[in-house]
Amino acid sequence: MPRLYCAIASLWALAACQELNHPPSLVLVPDRFVLVGERLEIQLIGADPDGDTLEFAVEGLPESATITPQSPVTATLTWSPTITDTAPGGTVISARAIVRDGHGGESSQAFSVSVFPIFGTPSFDLPAGIALNLAREETLELAVRVKDDDSTAVALSLTEAPDGAVLSKSGPKSAILFWRPTAAQREQTVHRIIFGADDADNAPVAHTLLVVLLNAEAGAGCSGTPPRVEHTPPADHFFSEGGLAFEARVTDVESSVASVEVGFTLGDPEAGLESLTLTRQQEKSPLFGATLKLEALPPGGALLRYRVLARDNDDPVGLACDQATRLPKTGWYSVAVYPPDAPDGTCLDDDSEPDDTPAAATALSPGSYPDRRLCPDSPDTALISVAAGERLAVVLTRAAAHGLPTLTLRDSTGTLIAEATGDGPTLRVEDTSGLAGSRVLRVTPAPGGAGLSYSLDVALTSVPCDDDSLEPNDTPAAAVPLSPGLWDTGVLCAGDEDWFRFSLAAGERFDVTLDHDVKLGDLDLELRDAATGALLDAAATLSSLEILRYTAPAATTVTLGVLGYQGAGNAYRLQTEIAAAGTSCDDDILGYHADPALAATLMSGLYENLTCCPDAPDWFSVELNGGETLTVLAETESAPIDLAIFTSPTAEPVATGTAEPGGLGEASFDTTEPGRVYYRVSSAAPTAYVLLQDIADPAGPCAPDRFEPNDTAQTAKALPPGVHTQLRLCNGDDTDAFTVTLDAFALLTVLTSHATGGYTDLQVLDPAGKPLEDALDPGQGAELTLLAPVSGEYTLLVMPFEAQGLAYDLSALVN
């Protein structure tokens, strides 16, 4: 009886119609073999007499095997085995393919997959050379990874390295290299590091890495600080409620926020991330946001791991002093995400389950444990073994807005040692008794709470820790008064915190520098209001130097905390200074440029947080082709500023303007001849200001710029280092070619900047004319850095894409 007739049959005939369903059939699935690291693909083909859409499944293969429907009657089985899926002589896995029609009909077929190892040698995922810019980073922190599909672990070692370099294991096939060059080591430009890798099956392999130190001279450091990022991870999200919203508040003291992005994945973060760009919620707002939409989630949900990365523009003409902030500093945030059809109350738990009771508790060693999950009515329990004389500290980190769990620590008899709860970002318990035995750690969800993600940091140290003389000062409430100056005998025990108290008058600036050896333990700074506990500022990079600068808007008392990241401990030096209000006017990120001979050349665009000092005007210059209109806009904060444009710095200004506090000033000039034009920003009192430099090409057809003809590598023009404003790509074939002479191991940094309407892709040719490095323009400019392998003349190509009459600025710097 046809299925259509059954659909309209009377009720008495319905049972008979159902009995007429015919089971589907499955086309022969052959036995297969696959090597570790390869991708196995098997086509599953079914047929159904009733025309039903078929569902496919496979039993016997690991969970990493996936089935993707291709049509109503076909699907593709894919699987990439790892070394754990086989043995030295190979492994035969018995599997069964199943096809169902959704009406009770089912067929299956057995097949086998033979998995064999490759037995290949490890290969390093490292370049031949890297540059360590000491103006931006005091410490080299390099991820060292090897690819070896047929090994579960590879032993990594340092065969040769500078004194003080440390290789710390971070995974079965990875490690982190830490090295902080000493004053003596900075005098040598190139250092050699040789890594070794041994998989126990093949002869050890080696990789030589050359590290080139840049800006090693004293005083070459960057004066700026990284952007400050405030971010609350989103709570568990059901996509039935719409997209997943990410928000961050990002500010920068010295310059502007260049970009904010979220890198995310539903898989292994080490395998790569997708990127989501966060944009300003409105003009001048520090709030950035974006919404993520995901499809094809498992019915029980998935764990989305992500990090937030914000970059500033502390180096307006290059990249050397641009800085970035990553949240979290290491590892990832995690949030459970569920498909729209997930039932209410669904909660994705972690792999430690079931761990609701001490009998089922997971054993934890010292270290960091991210990606932990807490579901309603399902507490998490862990056991920690403490040796005689050891001190235990455990810190739980989560977003307080997602729930208020309770963290308890008990001994093996059930006696309570410590308990923590509350709405702060962390919960902390510790046991300083020094008694040997097991400790029971329990995380209990709040009644009626939802699922939440959290991390645990477990630290064990000797008791007593050789603490400094200012103890006890472990909390903001116990902060000790400290006079400005150098405190050079600080010691932070693992799992501990050191807090200090300072009084600031209105307008006073508080400068703090924390110096420590990050490879021995990463320390951070927090500045809080003593009365309310509100976070005022923070410094949390992966550098050995943490720098914090805060200006008090009103008289206040603050507490300054030295905290160990993930419970770390270390010795440290703390330098604090308080500058009286109005007693100084420091240079901004552009440095000293109070003379036309020192005029700063900037790419067109907006520059925030600049400073104008009395008797030290700010001079700028631009290079033009002739016929352009130069417009300078400025917005001042606390004092009037004057604008003036000059065709010659010794002549009278050709245009002027004034900006009052809170207002906007403008000066504009139409050029007629090619050459350099100057402009000046001056004020009778210290003031912060925002600057906008804009250059408009004349109306009419696109005219060649001052470097033409330079359309090919054969007609390339020599490019002096620095910023070159208002170059032009007049059509889709108008490549601009330049030559740059580099010494071996010199670092070339190239930036382009332009308005929307085209792309300026970059390519560098080596002295033999072969392509060496490329960079694509994502929309408003390209970035390229190159460590020159040999001395010689290199060719830089600026190549148009969808560019018709595109003006751009070009910066080329050599270190």
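Everything numeric here is computed off the predicted structure, so don't read it as measured data. (Residues numbered from 1 in each chain as written. Predicted model: local features only at pLDDT ≥ 70, side-chain atom pairs only at ≥ 80, totals over all residues. Heavy atoms only, no water.)

## What to know about the overall build of the protein chain
The helix and strand tally for the protein chain stands at three helices and 61 strands. Projecting the C-alpha coordinates of the protein chain onto the three principal axes gives extents of approximately 100 × 70 × 65 Å. In the protein chain, which comprises 815 residues, the proportion classed as buried is 48%. For the protein chain, the share of sequence-separated contacts (at least 6 apart) that also reach a separation of at least 24 residues comes to 71%. (Helix = DSSP H or I, 4+ residues; strand = E, 2+ residues; numbered from the N terminus. Buried < 20%, exposed > 50% of the residue type's maximum accessible area, 1.4 Å probe, protein only. Contact = heavy atoms within 4.5 Å.)

## So, the pattern of salt bridges
Any two side chains of opposite charge can pair, so long as their charged atoms come close to each other. The final tally for this structure, using the stated rule, is 26 salt bridges. A salt bridge links Glu-106 to Arg-100; the shortest N-O distance between them is 3.0 Å. Look at Glu-106 and you get partly exposed, because its relative accessible area is 44%. For the salt bridge of Arg-549 with Asp-511, the shortest nitrogen-to-oxygen distance reads 3.0 Å. (Salt bridge = Lys/Arg side-chain N within 4 Å of Asp/Glu carboxyl O.)

## Re the state of the cysteines
Tallying each qualifying case throughout the model produces two disulfides. Each sulfur of the disulfide joining Cys-347 and Cys-375 lies 2.0 Å from the other. Measuring the twist about the S-S bond at about -90°, one finds the Cys-347-Cys-375 disulfide to be left-handed. With a gap of 28 residues between them, Cys-347 in the loop between strand E25 (333-338) and strand E26 (362-364) and Cys-375 in the loop between strand E27 (367-374) and strand E28 (380-386) connect regions that are remote in the sequence. Under the relative-accessibility criterion, Cys-375 is labelled buried at 5%. Between the sulfur atoms of Cys-702 and its disulfide mate Cys-730 the distance is 2.0 Å. Disulfide Cys-702-Cys-730: the torsion about the S-S bond is -70°, which places it as left-handed. Taken together, the residues span a long stretch of sequence, with Cys-702 in the loop between strand E52 (687-696) and strand E53 (717-718) and Cys-730 in the loop between strand E54 (722-729) and strand E55 (736-742) at a distance of 28 residues. Unpaired in terms of disulfides, Cys-612 finds its nearest cysteine sulfur in Cys-613, a separation of 6.8 Å. Assessed through its relative accessible area of 0%, Cys-612 is described here as buried. (Disulfide = S-S within 2.5 Å.)

## Notes on unusual backbone geometry
In this chain, Leu-327 is followed by Pro-328 through a cis amide linkage whose omega measures -10°. Positionally, Pro-328 belongs in the loop between strand E24 (324-327) and E25. The omega torsion across Glu-471 and Pro-472 is 0°, close enough to zero to call that bond cis. Tracing the chain through its elements places Pro-472 in the loop between strand E34 (452-462) and strand E35 (480-481). Non-glycine residue Asp-371 carries a positive phi angle of around 60°. Note that Asp-371 resides in strand E27.

## Some thoughts on the environment of Gly-591
Relative to the assigned elements, Gly-591 resides in the loop between strand E43 (570-579) and strand E44 (600-601). Here the alpha-carbon distance between Gly-591 and Pro-405, two residues 186 residues apart in the chain, equals 49 Å.

## A word on the side chain of Glu-628
Mapped onto the elements of the fold, Glu-628 is located in the loop between strand E46 (618-624) and strand E47 (629-636). Residue Glu-628 is classed as buried on the basis of its relative accessible area, which comes to 0%.

## What to know about the packing of aromatic side chains
To describe a pair of aromatic rings, you give the distance between the ring centres and the angle between the ring planes. Under the counting rule described, the total for this entry stands at nine aromatic pairs. Taking the centre distance of 5.0 Å and the plane angle of 15° together, the rings of Phe-620 and Tyr-679 count as stacked. Note that Phe-620 is positioned in strand E46 and Tyr-679 in strand E51 (residues 675-683), a separation of 59 residues in sequence. For the pair Phe-620 and Tyr-679, a shared accessibility class is recorded, and that class is buried. Ring plane angle 85° and centroid distance 5.3 Å describe the contact between Phe-707 and Phe-738, whose orientation is recorded as edge-to-face. Of this pair, Phe-707 sits in the loop between E52 and E53 while Phe-738 is found in strand E55, placing the two residues 31 residues apart along the sequence. The exposure class of Phe-738 is buried, given its relative accessible area of 0%. An aromatic cluster is built from Phe-246, Tyr-306 and Tyr-333, whose rings are joined through pairwise contacts. Residue placement shows Arg-326 over the ring face of Trp-332; its charged tip is 4.7 Å from the ring centre. Just above the ring of Tyr-565 sits the side chain of Lys-329; from NZ or CZ to the centre is 4.5 Å. (Phe/Tyr/Trp six-rings, centres within 6.5 Å; stacked < 30°, edge-to-face > 60°. Lys NZ or Arg CZ within 6 Å of the ring centre and 35° of its normal.)

## A short note on the sheet that holds strand E9 (residues 123-124)
What the four strands build is an open sheet, ordered E9-E11-E14-E13; its pairing is antiparallel. Bordering the open sheet on either side are E9 and strand E13 (166-171), each of which pairs with just one other strand. (Pairing = 2+ DSSP bridges.)

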